[in-house]
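Next come the chains, spelled out residue by residue.
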Amino acid sequence: MIKDRRFALVFRIAAFIVAVAGFLDMMGFFRGEVHFAALTFYTMQSNILVIVLFGMLTVKTAMGIRDGNKGNAGYFARFEMICTINIMLTLLVFWILLAPTLFSMVGGFSMWTFDNLSVHLFTPLLCLLDYILFTQPKHLKYRDVYYVNIFPIAYLIGTSIAGLLGYVYMTASDGNPMRFPYFFYDFDRIGATAFIYIGALILFFLLVGHVFYFIDRKVRK
């Protein structure tokens, strides 16, 4: 664990800037065409979660420097663990499940733009790196393993209700409206198979949460 608060502050300011810039770019702010509907996607909401985290860490680190340049720079370890796992889902689901299908679903989609790379790659990796570099061991509690599921389950319930009430997230390549933002729980198209995907994701969160807890308790001491 790095205990140089000046390094932590520079890292977190840079990470905050990258996260905010990528988020705003994905929203369309830099092109003069803001798409507020993008806020309904898990990618954007998990990025907001991490932006809040980096903002909190930046302020707390700056305050900590007043007590000395050297010392613990790990703050909000439990919240950061939850944010890290949630944003890593964004990275994994996008590159493993969504990226192979996007070319057929969204014509002309480019993988290698700053906005796409920022929200789906740079920000998740920066969050994971911050957790590895600065958080102190033995700060997690076992119940945190289950708290990890609160954010994605709340998102799933909210977007499913919106879809069932008639909200349309996008138009599929076949011209039909999509009432659910991601194909792996698009009940209109895959039916009950969606519950298999949902169950697998919940189990994945629990597994990763246990891994983080084990590392925190056993490996990083």
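Note: the structure precedes this text.
Procedures and definitions
Residues numbered from 1 in each chain as written. Predicted model: local features only at pLDDT ≥ 70, side-chain atom pairs only at ≥ 80, totals over all residues. Heavy atoms only, no water. Helix = DSSP H or I, 4+ residues; strand = E, 2+ residues; numbered from the N terminus. Rg over C-alpha atoms; globule rule 2.2 N^0.38 Å. Buried < 20%, exposed > 50% of the residue type's maximum accessible area, 1.4 Å probe, protein only. Disulfide = S-S within 2.5 Å. Salt bridge = Lys/Arg side-chain N within 4 Å of Asp/Glu carboxyl O. Phe/Tyr/Trp six-rings, centres within 6.5 Å; stacked < 30°, edge-to-face > 60°. Contact = heavy atoms within 4.5 Å. Expected span 1.5 Å × (residues − 1). Axes fitted to C-alpha atoms, helices over the stretch in contact; angles between N-to-C directions. Left-handed = near helix turned anticlockwise from the far one by under 90°. Nonpolar A, V, L, I, M, F, W, Y, C, P; charged D, E, K, R; others polar. Patch = residues over 30% accessible without salt bridge, like charges linked within 9 Å, V, L, I, M, F, W, Y side chains within 5 Å. Areas by Shrake-Rupley, 256 points an atom, 1.4 Å probe, with all protein chains shown as cover.

### Observations concerning the overall build of the chain
Turning to step 1, where the next piece is worked out: For the chain, the helix and strand inventory stands at eight helices and two strands.
Turning to step 2, where the next piece is worked out: For a compact globule of 221 residues, the expected C-alpha radius of gyration is about 17 Å, and the chain comes in at 19 Å, within 12% of that figure.
Turning to step 3, where the next piece is worked out: Its C-alpha atoms give the chain principal-axis dimensions of roughly 60 × 40 × 30 Å.
Turning to step 4, where the next piece is worked out: Counting only residues that meet the buried cut, the chain has 43% of its 221 residues in that class.

### Thoughts on the state of the cysteines
Put plainly, two cysteines are in a disulfide when a covalent bond ties their sulfur atoms together.
Turning to step 1, where the next piece is worked out: Within this structure, the stated rule accounts for zero disulfides.
Turning to step 2, where the next piece is worked out: Here C83 stays free of any disulfide, with the sulfur of C127 as its closest cysteine sulfur at 6.1 Å.
Turning to step 3, where the next piece is worked out: With relative accessibility at 0%, the residue C127 sits in the buried group.

### A few points about the pattern of salt bridges
Turning to step 1, where the next piece is worked out: Tallied over the full model, the rule gives nine salt bridges.
Turning to step 2, where the next piece is worked out: Here D4 ties to R6 by a salt bridge, and the two come within 3.4 Å at their closest N and O atoms.
Turning to step 3, where the next piece is worked out: Ionic pairing is found between E33 and R31, a salt bridge with its closest N-O pair at 3.6 Å.
Turning to step 4, where the next piece is worked out: R31 gets classed as partly exposed once you look at its relative accessible area, which sits at 42%.
Turning to step 5, where the next piece is worked out: Through salt bridges that share partners, D25, R31, E33 and D115 make up one connected network.

### Some details on the environment of A192
Turning to step 1, where the next piece is worked out: One can find A192 in the loop between α7 (187-190) and α8 (193-219).
Turning to step 2, where the next piece is worked out: Spatially, the C-alpha atom of A192 lies 21 Å from that of N149, the residues being 43 residues apart in sequence.

### Quick notes on the packing of aromatic side chains
Turning to step 1, where the next piece is worked out: Evaluated as defined, the whole model comprises 23 aromatic pairs.
Turning to step 2, where the next piece is worked out: For the pair F184 and Y185, a centre-to-centre distance of 5.9 Å together with 50 degrees between the ring planes defines the contact as tilted. In this structure, F184 and Y185 share a single accessibility class: buried.
Turning to step 3, where the next piece is worked out: Through a chain of ring-to-ring contacts, the aromatic side chains of F41, Y167, Y169, F180, Y182, F183, F184, Y185, F187, F195 and Y197 assemble into a single cluster.

### Side note on the environment of F7
Turning to step 1, where the next piece is worked out: Along the chain, F7 falls in helix α1 (residues 5-27).
Turning to step 2, where the next piece is worked out: Relative accessible area serves as the criterion here: at 39%, F7 is assigned to the partly exposed category.
Turning to step 3, where the next piece is worked out: Residues F7 and N69, spaced 62 residues apart in sequence, show a C-alpha to C-alpha distance of 9.1 Å.
Turning to step 4, where the next piece is worked out: Ignoring anything within four residues of it in the chain, the contact list for F7 reads I2, L133 and F134.

### Let's talk about α8
For an α-helix, 3.6 residues make a turn, and residues three or four places apart therefore share a direction.
Turning to step 1, where the next piece is worked out: Helix length check: α8 (27 residues) gives 38 Å between terminal C-alpha atoms against 39 Å at 1.5 Å per residue, within 8%.
Turning to step 2, where the next piece is worked out: The complete set of buried residues in α8 reads A194, I198, F205, L206, V208, G209, F212 and D216.

### Thoughts on the packing of helix α2 (residues 42-65) against helix α6 (residues 150-164)
Turning to step 1, where the next piece is worked out: As a packed pair, α2 and α6 sit with axes 11 Å apart at the nearest point and diverge in direction by 145 degrees. The two elements α2 and α6 meet at a crossing, and its hand is right-handed. Here Y42, Q45, S46 and L49 of α2 come into contact with α6, specifically with F151, P152 and Y155.
Turning to step 2, where the next piece is worked out: In terms of residue class, the contact of α2 with α6 is built from five nonpolar, two polar and no charged.

### Some details on a nonpolar patch on the surface
Turning to step 1, where the next piece is worked out: Among the surface-exposed residues, L207, V211, F214, I215 and V219 lie close enough to one another that they form a single nonpolar patch of about 450 Å² accessible area.
Turning to step 2, where the next piece is worked out: Along the chain, I215 falls in helix α8.
Turning to step 3, where the next piece is worked out: By relative accessible area, I215 is classed as partly exposed at 33%.

That is the geometry; function is a separate question.
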